[in-house]
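Structural description and commentary
If you want the building blocks of each chain, they are given just below.
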Amino acid sequence: MPAARVEYIAPWWVVWLHSVPHLGLRLQPVDSTFRPRDESYQESLLFLGLVAAVGLGLNLVLLAAYLVCVCCCRQDDAVQTKRPRSCCVTWTAVVAALICCAAVGVGFYGNSEANDGVYQLLYALDNANHTFSGIDVLVSGTTQKMKVDLEQHLARLGEIFATRGDYLQTLKFLQQTAGSIIAQIAGVPVWTEVTEELTELANQTSSVEYYRWLSYLLLFVLDLVLCLLACLGLAKRSRCLLASMLCCGVLALLFSWTSLAADAAAAVGTSDFCAAPDTFILNITEGQVRPEVTQYYLYCSQSASSPFQQALTVFQRSLTAMQIQVAGLLQFAVPRFPTAEKDLLGIQLLLNSSESGLHQLTAFYVPLFLLQDYLDALAGICYDGLEGLLYLGLFSLLAALAFSIMICLGPGAWKHCATRDRDYDDIDDDDPFNPQARRIATHNPPRGQLRSFCSYSSGLGSQGSLHPAQTISNAPVSEYMNQAALFGGNPRYENVPLIGRGSPPPTYSPSMRATYLSVADEHLRHYGNEFPG
(Lines give C-alpha, C1' and ligand atoms only; values in the text may rest on other atoms or scores of the structure.)
Protein backbone atom coordinates (compact mmCIF):
# COMPACT_ATOMS: atom_id res chain seq x y z
CA MET A 1 0.00 0.00 0.00
CA PRO A 2 1.35 3.47 -0.77
CA ALA A 3 2.87 5.21 2.19
CA ALA A 4 0.96 8.45 1.56
CA ARG A 5 -2.33 6.62 1.86
CA VAL A 6 -1.27 5.18 5.21
CA GLU A 7 0.06 8.45 6.64
CA TYR A 8 -2.65 10.83 5.53
CA ILE A 9 -6.26 10.19 6.54
CA ALA A 10 -8.81 12.89 5.94
CA PRO A 11 -10.44 14.00 9.24
CA TRP A 12 -14.17 13.82 9.74
CA TRP A 13 -14.71 17.55 9.23
CA VAL A 14 -13.18 17.26 5.76
CA VAL A 15 -15.72 14.58 4.84
CA TRP A 16 -18.55 16.62 6.35
CA LEU A 17 -17.65 19.86 4.57
CA HIS A 18 -16.94 18.07 1.30
CA SER A 19 -20.47 16.67 1.37
CA VAL A 20 -22.00 20.18 1.39
CA PRO A 21 -24.02 20.60 -1.82
CA HIS A 22 -22.22 22.65 -4.46
CA LEU A 23 -24.63 24.83 -6.41
CA GLY A 24 -24.03 27.46 -9.04
CA LEU A 25 -25.64 30.88 -9.17
CA ARG A 26 -28.48 29.36 -11.21
CA LEU A 27 -28.92 26.60 -8.60
CA GLN A 28 -27.52 23.93 -10.89
CA PRO A 29 -25.39 21.16 -9.26
CA VAL A 30 -21.62 21.55 -9.58
CA ASP A 31 -18.94 18.89 -9.26
CA SER A 32 -17.26 19.08 -5.85
CA THR A 33 -13.80 18.26 -7.20
CA PHE A 34 -11.31 20.97 -6.27
CA ARG A 35 -10.85 23.06 -9.41
CA PRO A 36 -9.95 26.61 -8.36
CA ARG A 37 -9.55 27.87 -11.93
CA ASP A 38 -12.93 26.60 -13.11
CA GLU A 39 -15.66 29.26 -13.29
CA SER A 40 -18.49 26.93 -12.28
CA TYR A 41 -16.56 25.81 -9.21
CA GLN A 42 -15.84 29.43 -8.29
CA GLU A 43 -19.56 30.18 -8.58
CA SER A 44 -20.34 27.33 -6.18
CA LEU A 45 -18.07 28.88 -3.54
CA LEU A 46 -19.53 32.31 -4.22
CA PHE A 47 -22.98 30.84 -3.69
CA LEU A 48 -22.00 29.97 -0.11
CA GLY A 49 -21.07 33.59 0.47
CA LEU A 50 -24.45 34.66 -0.90
CA VAL A 51 -26.17 32.30 1.54
CA ALA A 52 -24.42 34.13 4.37
CA ALA A 53 -25.52 37.44 2.83
CA VAL A 54 -29.13 36.22 2.85
CA GLY A 55 -28.67 35.32 6.52
CA LEU A 56 -27.46 38.85 7.20
CA GLY A 57 -30.52 40.28 5.43
CA LEU A 58 -32.92 38.11 7.45
CA ASN A 59 -31.14 39.07 10.65
CA LEU A 60 -31.47 42.78 9.90
CA VAL A 61 -35.14 42.40 8.91
CA LEU A 62 -35.97 40.56 12.12
CA LEU A 63 -34.13 43.14 14.21
CA ALA A 64 -35.93 45.99 12.45
CA ALA A 65 -39.32 44.31 12.96
CA TYR A 66 -38.60 43.74 16.64
CA LEU A 67 -37.48 47.33 17.21
CA VAL A 68 -40.56 48.70 15.41
CA CYS A 69 -42.85 46.54 17.54
CA VAL A 70 -41.14 47.61 20.75
CA CYS A 71 -41.23 51.29 19.87
CA CYS A 72 -44.85 51.25 18.71
CA CYS A 73 -46.28 49.17 21.53
CA ARG A 74 -46.63 51.34 24.64
CA GLN A 75 -46.18 49.33 27.80
CA ASP A 76 -47.33 50.22 31.26
CA ASP A 77 -44.74 52.29 33.14
CA ALA A 78 -46.13 51.66 36.61
CA VAL A 79 -43.75 51.91 39.51
CA GLN A 80 -44.08 48.27 40.48
CA THR A 81 -42.96 47.11 37.02
CA LYS A 82 -39.85 49.29 36.82
CA ARG A 83 -37.61 47.11 38.94
CA PRO A 84 -38.36 43.72 37.26
CA ARG A 85 -37.97 45.29 33.81
CA SER A 86 -34.68 46.89 34.77
CA CYS A 87 -33.44 43.61 36.23
CA CYS A 88 -34.40 41.77 33.03
CA VAL A 89 -32.49 44.26 30.90
CA THR A 90 -29.43 43.99 33.12
CA TRP A 91 -29.31 40.19 33.15
CA THR A 92 -29.94 39.95 29.42
CA ALA A 93 -27.07 42.36 28.83
CA VAL A 94 -24.85 40.21 31.05
CA VAL A 95 -25.74 37.12 29.02
CA ALA A 96 -25.01 38.96 25.77
CA ALA A 97 -21.66 40.14 27.14
CA LEU A 98 -20.75 36.59 28.18
CA ILE A 99 -21.65 35.30 24.71
CA CYS A 100 -19.51 38.01 23.14
CA CYS A 101 -16.55 37.17 25.38
CA ALA A 102 -16.95 33.47 24.61
CA ALA A 103 -17.07 34.27 20.89
CA VAL A 104 -13.86 36.29 21.12
CA GLY A 105 -12.15 33.46 23.00
CA VAL A 106 -13.20 30.92 20.37
CA GLY A 107 -12.10 33.34 17.67
CA PHE A 108 -8.66 33.80 19.19
CA TYR A 109 -8.16 30.03 19.29
CA GLY A 110 -9.40 29.56 15.73
CA ASN A 111 -7.25 32.41 14.43
CA SER A 112 -4.18 30.92 16.10
CA GLU A 113 -4.93 27.43 14.72
CA ALA A 114 -5.45 28.73 11.19
CA ASN A 115 -2.25 30.76 11.40
CA ASP A 116 -0.29 27.73 12.63
CA GLY A 117 -1.65 25.61 9.79
CA VAL A 118 -0.73 28.18 7.15
CA TYR A 119 2.80 28.59 8.46
CA GLN A 120 3.21 24.82 8.57
CA LEU A 121 2.22 24.81 4.90
CA LEU A 122 4.73 27.58 4.16
CA TYR A 123 7.46 25.66 5.97
CA ALA A 124 6.73 22.53 3.94
CA LEU A 125 6.70 24.54 0.69
CA ASP A 126 10.04 26.08 1.59
CA ASN A 127 11.58 22.65 2.23
CA ALA A 128 10.23 21.26 -1.04
CA ASN A 129 11.44 24.36 -2.85
CA HIS A 130 14.90 23.86 -1.37
CA THR A 131 14.93 20.24 -2.59
CA PHE A 132 13.89 21.15 -6.13
CA SER A 133 16.32 24.04 -6.39
CA GLY A 134 19.10 21.79 -5.05
CA ILE A 135 18.40 19.26 -7.80
CA ASP A 136 18.52 21.96 -10.46
CA VAL A 137 21.80 23.35 -9.10
CA LEU A 138 23.46 19.92 -9.11
CA VAL A 139 22.22 19.08 -12.62
CA SER A 140 23.25 22.43 -14.09
CA GLY A 141 26.62 22.27 -12.31
CA THR A 142 27.37 18.78 -13.64
CA THR A 143 26.36 19.79 -17.15
CA GLN A 144 28.61 22.86 -16.95
CA LYS A 145 31.57 20.75 -15.87
CA MET A 146 31.12 18.17 -18.60
CA LYS A 147 30.46 20.61 -21.41
CA VAL A 148 32.89 23.43 -20.69
CA ASP A 149 35.53 22.51 -18.14
CA LEU A 150 36.15 18.98 -19.39
CA GLU A 151 36.28 20.13 -23.01
CA GLN A 152 38.96 22.69 -22.20
CA HIS A 153 41.15 20.09 -20.51
CA LEU A 154 40.67 17.60 -23.37
CA ALA A 155 41.55 20.24 -25.98
CA ARG A 156 44.87 21.05 -24.31
CA LEU A 157 45.66 17.35 -23.80
CA GLY A 158 44.94 16.74 -27.49
CA GLU A 159 47.67 19.20 -28.40
CA ILE A 160 50.10 17.58 -25.97
CA PHE A 161 49.35 14.02 -27.09
CA ALA A 162 49.27 14.87 -30.77
CA THR A 163 52.08 12.37 -31.52
CA ARG A 164 50.50 9.47 -29.61
CA GLY A 165 47.49 7.91 -31.24
CA ASP A 166 46.66 5.61 -28.29
CA TYR A 167 46.50 8.56 -25.92
CA LEU A 168 44.33 10.45 -28.38
CA GLN A 169 42.03 7.45 -28.51
CA THR A 170 41.70 7.59 -24.72
CA LEU A 171 40.86 11.28 -24.89
CA LYS A 172 38.18 10.53 -27.50
CA PHE A 173 36.69 7.89 -25.17
CA LEU A 174 36.57 10.42 -22.36
CA GLN A 175 34.80 12.89 -24.62
CA GLN A 176 32.21 10.32 -25.69
CA THR A 177 31.57 9.23 -22.12
CA ALA A 178 31.08 12.83 -21.06
CA GLY A 179 28.53 13.23 -23.86
CA SER A 180 26.70 10.15 -22.58
CA ILE A 181 26.56 11.65 -19.10
CA ILE A 182 25.19 14.91 -20.49
CA ALA A 183 22.52 13.00 -22.42
CA GLN A 184 21.45 11.10 -19.30
CA ILE A 185 21.27 14.27 -17.26
CA ALA A 186 19.18 15.94 -19.94
CA GLY A 187 16.49 13.32 -19.32
CA VAL A 188 16.17 14.40 -15.68
CA PRO A 189 13.20 16.79 -15.20
CA VAL A 190 14.04 20.42 -14.63
CA TRP A 191 12.24 21.91 -11.64
CA THR A 192 12.80 25.57 -12.45
CA GLU A 193 9.16 26.32 -13.29
CA VAL A 194 7.93 24.32 -10.31
CA THR A 195 10.29 26.23 -8.03
CA GLU A 196 9.09 29.57 -9.36
CA GLU A 197 5.45 28.61 -8.89
CA LEU A 198 6.07 27.36 -5.37
CA THR A 199 7.89 30.58 -4.49
CA GLU A 200 5.06 32.69 -5.86
CA LEU A 201 2.48 30.56 -4.05
CA ALA A 202 4.38 30.87 -0.77
CA ASN A 203 4.69 34.65 -1.10
CA GLN A 204 1.02 35.12 -1.92
CA THR A 205 -0.09 32.80 0.87
CA SER A 206 2.11 34.57 3.40
CA SER A 207 0.79 37.99 2.40
CA VAL A 208 -2.86 36.92 2.46
CA GLU A 209 -2.42 35.14 5.78
CA TYR A 210 -0.85 38.21 7.40
CA TYR A 211 -3.75 40.47 6.45
CA ARG A 212 -6.30 37.78 7.35
CA TRP A 213 -4.77 37.32 10.81
CA LEU A 214 -4.56 41.08 11.38
CA SER A 215 -8.15 41.65 10.22
CA TYR A 216 -9.51 39.08 12.63
CA LEU A 217 -7.41 40.51 15.45
CA LEU A 218 -8.90 43.96 14.84
CA LEU A 219 -12.38 42.42 14.70
CA PHE A 220 -11.80 40.78 18.10
CA VAL A 221 -10.70 44.10 19.57
CA LEU A 222 -13.77 45.84 18.10
CA ASP A 223 -16.11 43.25 19.62
CA LEU A 224 -14.49 43.59 23.04
CA VAL A 225 -14.68 47.40 22.90
CA LEU A 226 -18.36 47.29 21.96
CA CYS A 227 -19.04 44.85 24.77
CA LEU A 228 -17.29 47.22 27.19
CA LEU A 229 -19.30 50.17 25.87
CA ALA A 230 -22.54 48.26 26.48
CA CYS A 231 -21.55 47.43 30.05
CA LEU A 232 -20.46 51.01 30.78
CA GLY A 233 -23.58 52.43 29.21
CA LEU A 234 -25.83 50.31 31.41
CA ALA A 235 -23.73 50.86 34.52
CA LYS A 236 -23.61 54.66 34.12
CA ARG A 237 -27.01 54.85 32.43
CA SER A 238 -25.42 56.88 29.66
CA ARG A 239 -27.49 57.33 26.56
CA CYS A 240 -24.47 58.56 24.61
CA LEU A 241 -22.55 55.33 25.24
CA LEU A 242 -25.58 53.22 24.42
CA ALA A 243 -26.20 55.10 21.17
CA SER A 244 -22.55 54.63 20.15
CA MET A 245 -22.74 50.94 21.02
CA LEU A 246 -25.90 50.43 18.99
CA CYS A 247 -24.51 52.16 15.90
CA CYS A 248 -21.22 50.27 16.07
CA GLY A 249 -23.09 47.07 16.94
CA VAL A 250 -24.83 47.12 13.57
CA LEU A 251 -21.42 47.53 11.91
CA ALA A 252 -20.00 44.65 13.97
CA LEU A 253 -22.99 42.53 12.97
CA LEU A 254 -22.20 43.24 9.32
CA PHE A 255 -18.56 42.28 9.87
CA SER A 256 -19.57 39.06 11.62
CA TRP A 257 -21.71 37.87 8.74
CA THR A 258 -19.06 38.91 6.22
CA SER A 259 -16.41 36.90 8.05
CA LEU A 260 -18.84 33.96 8.20
CA ALA A 261 -19.26 34.10 4.42
CA ALA A 262 -15.49 34.15 3.86
CA ASP A 263 -14.93 31.34 6.37
CA ALA A 264 -17.63 29.16 4.82
CA ALA A 265 -16.28 29.53 1.28
CA ALA A 266 -12.67 28.96 2.40
CA ALA A 267 -13.58 25.96 4.55
CA VAL A 268 -15.59 24.20 1.84
CA GLY A 269 -12.93 24.88 -0.81
CA THR A 270 -10.18 23.60 1.49
CA SER A 271 -12.16 20.48 2.30
CA ASP A 272 -12.60 19.78 -1.41
CA PHE A 273 -8.82 19.86 -1.80
CA CYS A 274 -8.22 17.75 1.30
CA ALA A 275 -10.72 15.12 0.16
CA ALA A 276 -8.51 14.20 -2.85
CA PRO A 277 -5.20 16.09 -2.76
CA ASP A 278 -3.33 13.59 -4.95
CA THR A 279 -5.74 14.08 -7.83
CA PHE A 280 -5.27 17.85 -7.75
CA ILE A 281 -1.47 17.55 -7.66
CA LEU A 282 -1.48 15.16 -10.61
CA ASN A 283 -3.72 17.47 -12.65
CA ILE A 284 -1.81 20.67 -11.91
CA THR A 285 1.62 19.16 -12.71
CA GLU A 286 0.50 17.31 -15.83
CA GLY A 287 2.10 19.68 -18.31
CA GLN A 288 5.33 20.24 -16.35
CA VAL A 289 6.34 16.87 -14.89
CA ARG A 290 5.85 13.38 -16.21
CA PRO A 291 2.96 11.56 -14.47
CA GLU A 292 5.14 8.65 -13.40
CA VAL A 293 7.51 11.07 -11.63
CA THR A 294 4.65 12.75 -9.76
CA GLN A 295 3.15 9.39 -8.77
CA TYR A 296 6.55 8.20 -7.60
CA TYR A 297 6.81 11.09 -5.15
CA LEU A 298 3.17 11.05 -4.09
CA TYR A 299 2.76 7.35 -3.39
CA CYS A 300 6.33 6.32 -2.59
CA SER A 301 5.64 2.68 -3.35
CA GLN A 302 8.40 0.28 -2.38
CA SER A 303 7.65 -1.97 -5.34
CA ALA A 304 7.78 0.81 -7.93
CA SER A 305 11.18 1.55 -9.46
CA SER A 306 12.57 5.05 -9.51
CA PRO A 307 12.16 6.84 -12.86
CA PHE A 308 15.69 8.20 -12.39
CA GLN A 309 17.33 4.87 -11.64
CA GLN A 310 18.58 4.24 -15.19
CA ALA A 311 20.00 7.74 -15.62
CA LEU A 312 21.76 7.66 -12.26
CA THR A 313 23.17 4.18 -12.94
CA VAL A 314 24.60 5.22 -16.33
CA PHE A 315 26.00 8.36 -14.71
CA GLN A 316 27.79 6.33 -12.06
CA ARG A 317 29.24 3.79 -14.51
CA SER A 318 30.42 6.50 -16.89
CA LEU A 319 32.20 8.36 -14.09
CA THR A 320 33.91 5.14 -12.96
CA ALA A 321 35.11 4.38 -16.51
CA MET A 322 36.44 7.92 -16.94
CA GLN A 323 38.27 7.79 -13.62
CA ILE A 324 39.97 4.55 -14.66
CA GLN A 325 41.14 6.05 -17.96
CA VAL A 326 42.46 9.22 -16.30
CA ALA A 327 44.33 7.16 -13.71
CA GLY A 328 46.00 5.18 -16.55
CA LEU A 329 47.09 8.37 -18.29
CA LEU A 330 48.54 9.70 -15.05
CA GLN A 331 50.49 6.51 -14.61
CA PHE A 332 51.86 6.05 -18.13
CA ALA A 333 51.61 9.37 -19.99
CA VAL A 334 52.89 11.81 -17.40
CA PRO A 335 56.48 10.39 -17.32
CA ARG A 336 56.74 11.08 -21.05
CA PHE A 337 54.62 14.25 -21.16
CA PRO A 338 55.10 16.12 -17.85
CA THR A 339 53.13 19.10 -19.09
CA ALA A 340 49.99 16.92 -19.26
CA GLU A 341 49.94 16.34 -15.49
CA LYS A 342 48.15 19.59 -14.66
CA ASP A 343 45.25 18.96 -17.04
CA LEU A 344 44.96 15.31 -16.01
CA LEU A 345 44.81 16.27 -12.34
CA GLY A 346 42.19 18.87 -13.25
CA ILE A 347 40.10 16.21 -14.97
CA GLN A 348 40.49 13.89 -12.00
CA LEU A 349 39.34 16.63 -9.60
CA LEU A 350 36.40 17.38 -11.88
CA LEU A 351 35.34 13.72 -11.91
CA ASN A 352 35.62 13.48 -8.13
CA SER A 353 33.40 16.54 -7.62
CA SER A 354 30.93 15.13 -10.16
CA GLU A 355 30.79 11.88 -8.21
CA SER A 356 30.11 13.81 -5.01
CA GLY A 357 27.32 15.68 -6.79
CA LEU A 358 25.94 12.35 -8.01
CA HIS A 359 25.61 11.12 -4.43
CA GLN A 360 23.83 14.32 -3.42
CA LEU A 361 21.56 14.06 -6.43
CA THR A 362 20.70 10.49 -5.53
CA ALA A 363 19.81 11.60 -2.01
CA PHE A 364 17.62 14.41 -3.35
CA TYR A 365 15.76 11.97 -5.58
CA VAL A 366 14.81 9.79 -2.61
CA PRO A 367 11.04 10.34 -2.37
CA LEU A 368 10.84 10.18 1.43
CA PHE A 369 11.94 13.79 1.89
CA LEU A 370 9.46 15.28 -0.54
CA LEU A 371 6.78 12.92 0.72
CA GLN A 372 7.31 14.13 4.27
CA ASP A 373 7.04 17.75 3.12
CA TYR A 374 3.85 16.86 1.27
CA LEU A 375 2.33 15.22 4.36
CA ASP A 376 3.34 18.16 6.54
CA ALA A 377 1.63 20.54 4.15
CA LEU A 378 -1.53 18.41 4.18
CA ALA A 379 -1.50 18.30 7.97
CA GLY A 380 -1.15 22.07 8.13
CA ILE A 381 -4.00 22.72 5.70
CA CYS A 382 -6.46 19.93 6.44
CA TYR A 383 -6.03 19.63 10.19
CA ASP A 384 -4.90 22.87 11.84
CA GLY A 385 -5.92 25.28 9.10
CA LEU A 386 -9.37 23.84 8.42
CA GLU A 387 -10.05 23.37 12.13
CA GLY A 388 -9.17 27.03 12.69
CA LEU A 389 -11.61 28.06 9.96
CA LEU A 390 -14.39 26.11 11.67
CA TYR A 391 -13.71 27.85 14.98
CA LEU A 392 -13.68 31.21 13.21
CA GLY A 393 -17.06 30.37 11.70
CA LEU A 394 -18.35 29.55 15.19
CA PHE A 395 -16.97 32.88 16.39
CA SER A 396 -18.88 34.71 13.66
CA LEU A 397 -22.15 33.02 14.63
CA LEU A 398 -21.71 33.71 18.34
CA ALA A 399 -20.72 37.32 17.71
CA ALA A 400 -23.76 37.84 15.46
CA LEU A 401 -25.98 36.36 18.18
CA ALA A 402 -24.44 38.54 20.90
CA PHE A 403 -24.79 41.78 18.96
CA SER A 404 -28.31 40.89 17.88
CA ILE A 405 -29.24 40.53 21.56
CA MET A 406 -27.54 43.85 22.38
CA ILE A 407 -29.41 45.64 19.59
CA CYS A 408 -32.69 44.13 20.80
CA LEU A 409 -31.93 45.48 24.27
CA GLY A 410 -31.58 49.01 22.88
CA PRO A 411 -35.12 50.32 23.62
CA GLY A 412 -35.25 48.69 27.05
CA ALA A 413 -31.83 50.01 27.99
CA TRP A 414 -32.79 53.46 26.72
CA LYS A 415 -35.86 53.52 29.02
CA HIS A 416 -33.72 52.12 31.82
CA CYS A 417 -31.36 55.06 31.44
CA ALA A 418 -34.30 57.48 31.47
CA THR A 419 -35.51 56.24 34.87
CA ARG A 420 -32.60 58.02 36.59
CA ASP A 421 -34.05 61.40 35.69
CA ARG A 422 -37.62 60.30 36.54
CA ASP A 423 -36.63 59.02 40.01
CA TYR A 424 -36.70 62.56 41.37
CA ASP A 425 -40.19 63.29 40.06
CA ASP A 426 -41.83 61.54 43.04
CA ILE A 427 -39.85 63.55 45.64
CA ASP A 428 -41.31 66.69 47.16
CA ASP A 429 -39.45 69.77 46.03
CA ASP A 430 -39.85 71.24 49.54
CA ASP A 431 -38.16 68.24 51.15
CA PRO A 432 -34.89 69.58 52.61
CA PHE A 433 -33.20 66.20 52.14
CA ASN A 434 -33.93 66.11 48.41
CA PRO A 435 -30.53 66.16 46.67
CA GLN A 436 -31.77 68.72 44.19
CA ALA A 437 -33.05 70.95 46.99
CA ARG A 438 -29.69 70.68 48.76
CA ARG A 439 -27.89 71.72 45.60
CA ILE A 440 -30.19 74.74 45.25
CA ALA A 441 -29.80 75.71 48.88
CA THR A 442 -26.02 75.53 48.60
CA HIS A 443 -26.03 78.25 45.96
CA ASN A 444 -28.57 80.36 47.97
CA PRO A 445 -26.94 81.50 51.27
CA PRO A 446 -29.27 81.84 54.35
CA ARG A 447 -30.87 85.20 55.04
CA GLY A 448 -29.71 86.67 58.33
CA GLN A 449 -27.98 85.08 61.27
CA LEU A 450 -29.81 82.11 62.80
CA ARG A 451 -28.98 80.73 66.13
CA SER A 452 -27.98 77.11 66.56
CA PHE A 453 -30.95 74.84 66.15
CA CYS A 454 -29.31 71.80 67.74
CA SER A 455 -26.07 70.83 69.42
CA TYR A 456 -23.64 67.88 69.22
CA SER A 457 -23.53 67.42 73.00
CA SER A 458 -27.03 68.37 74.18
CA GLY A 459 -30.60 68.03 73.13
CA LEU A 460 -32.74 70.99 72.25
CA GLY A 461 -30.53 73.51 74.10
CA SER A 462 -31.78 77.03 74.59
CA GLN A 463 -34.30 77.65 71.90
CA GLY A 464 -36.73 79.90 73.76
CA SER A 465 -36.94 82.43 71.05
CA LEU A 466 -38.21 79.95 68.54
CA HIS A 467 -41.86 79.42 67.81
CA PRO A 468 -43.55 76.52 69.71
CA ALA A 469 -44.55 74.90 66.46
CA GLN A 470 -40.94 75.01 65.45
CA THR A 471 -39.95 73.25 68.66
CA ILE A 472 -42.39 70.44 67.95
CA SER A 473 -41.12 69.97 64.39
CA ASN A 474 -37.49 69.95 65.45
CA ALA A 475 -37.73 67.72 68.48
CA PRO A 476 -37.02 64.46 66.56
CA VAL A 477 -33.84 65.92 65.13
CA SER A 478 -32.39 66.82 68.51
CA GLU A 479 -33.51 63.44 69.82
CA TYR A 480 -31.54 61.76 67.04
CA MET A 481 -28.50 63.77 67.93
CA ASN A 482 -28.75 62.78 71.61
CA GLN A 483 -29.09 59.13 70.69
CA ALA A 484 -26.05 59.32 68.39
CA ALA A 485 -23.78 59.74 71.40
CA LEU A 486 -24.85 56.31 72.63
CA PHE A 487 -23.54 54.59 69.48
CA GLY A 488 -19.80 55.00 69.38
CA GLY A 489 -19.30 58.38 70.99
CA ASN A 490 -18.17 60.17 67.83
CA PRO A 491 -20.75 61.95 65.71
CA ARG A 492 -21.54 60.47 62.30
CA TYR A 493 -22.16 62.79 59.35
CA GLU A 494 -24.56 61.51 56.73
CA ASN A 495 -26.24 63.21 53.83
CA VAL A 496 -29.62 61.45 54.13
CA PRO A 497 -31.44 60.85 57.42
CA LEU A 498 -32.13 57.29 58.45
CA ILE A 499 -35.64 57.92 59.78
CA GLY A 500 -37.83 54.83 59.90
CA ARG A 501 -35.02 52.38 59.06
CA GLY A 502 -34.42 51.00 62.54
CA SER A 503 -30.75 52.06 62.60
CA PRO A 504 -28.80 54.41 64.90
CA PRO A 505 -29.72 58.06 64.26
CA PRO A 506 -27.20 60.22 62.44
CA THR A 507 -25.72 63.51 63.41
CA TYR A 508 -25.66 66.19 60.80
CA SER A 509 -22.66 68.01 59.48
CA PRO A 510 -22.51 71.79 59.92
CA SER A 511 -23.16 72.43 56.22
CA MET A 512 -26.20 70.17 56.17
CA ARG A 513 -27.51 71.68 59.40
CA ALA A 514 -27.20 75.18 57.92
CA THR A 515 -29.06 74.03 54.81
CA TYR A 516 -31.81 72.49 56.90
CA LEU A 517 -32.17 75.61 59.05
CA SER A 518 -32.35 77.88 56.01
CA VAL A 519 -35.20 75.82 54.58
CA ALA A 520 -36.91 75.73 58.00
CA ASP A 521 -36.65 79.50 58.22
CA GLU A 522 -38.42 79.85 54.90
CA HIS A 523 -41.18 77.55 56.16
CA LEU A 524 -41.51 79.69 59.32
CA ARG A 525 -41.99 82.86 57.35
CA HIS A 526 -44.50 81.21 55.08
CA TYR A 527 -46.59 79.44 57.70
CA GLY A 528 -45.90 81.72 60.72
CA ASN A 529 -49.34 83.27 60.68
CA GLU A 530 -51.09 79.92 60.91
CA PHE A 531 -49.73 79.13 64.41
CA PRO A 532 -50.80 81.57 67.17
CA GLY A 533 -48.19 82.72 69.67
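Residues numbered from 1 in each chain as written. Predicted model: local features only at pLDDT ≥ 70, side-chain atom pairs only at ≥ 80, totals over all residues. Heavy atoms only, no water.

**Here's the deal with a negative patch on the surface**
- A cluster of acidic residues, Glu193, Glu196, Glu197 and Glu200, forms a negative patch on the protein surface.
- In this fold, Glu196 is placed in helix α6 (residues 192-236).
- Glu196 gets classed as exposed once you look at its relative accessible area, which sits at 53%. (Patch = residues over 30% accessible without salt bridge, like charges linked within 9 Å, V, L, I, M, F, W, Y side chains within 5 Å. Areas by Shrake-Rupley, 256 points an atom, 1.4 Å probe, with all protein chains shown as cover. Salt bridge = Lys/Arg side-chain N within 4 Å of Asp/Glu carboxyl O. Lys, Arg positive; Asp, Glu negative; His and termini not counted. Charge placed at Lys NZ, Arg CZ, Asp CG, Glu CD. Helix = DSSP H or I, 4+ residues; strand = E, 2+ residues; numbered from the N terminus. Buried < 20%, exposed > 50% of the residue type's maximum accessible area, 1.4 Å probe, protein only.)

**Quick word on the nonpolar core**
- Within the largest apolar cluster, 102 residues are counted, with the highest numbers of intra-cluster contacts made by Met146, Trp191 and Tyr365.
- Take this core: its biggest share by element is 22 residues, from helix α4 (residues 82-160).
- Once residues within four sequence positions are removed from consideration, Trp191 is found in contact with Phe132, Ile135, Asp136, Val289, Val293, Tyr297 and Tyr365.
- Membership of the second largest hydrophobic core comes to five residues, among which are Tyr41, Leu45, Leu48 and Val268. (Core = buried A, V, L, I, M, F, W, Y, C linked by side-chain atoms within 4.5 Å. Contact = heavy atoms within 4.5 Å.)

**Some words on helix α9 (residues 291-299)**
- Within α9, burial applies to Val293, Thr294, Tyr296, Tyr297, Leu298 and Tyr299.
- Phi turns positive, to about 50 degrees, at Cys300, one or two residues after α9.

**So, the pattern of salt bridges**
- Enumeration according to the criterion identifies five salt bridges in this entry.
- The salt bridge involving Arg35 is made with Asp38; its shortest N-O contact spans 2.7 Å.
- For Asp38, a relative accessible area of 27% corresponds to the partly exposed category.
- Of the charged contacts, one joins Arg156 and Asp343 as a salt bridge, the two residues approaching to 2.9 Å between their closest N and O atoms. On the criterion of sequence distance, the pair formed by Arg156 in helix α4 and Asp343 in helix α11 (residues 341-364) is long-range, its members being 187 residues apart.
- With relative accessibility at 37%, the residue Arg156 sits in the partly exposed group.
- Judged by its relative accessible area of 7%, Asp343 is buried.

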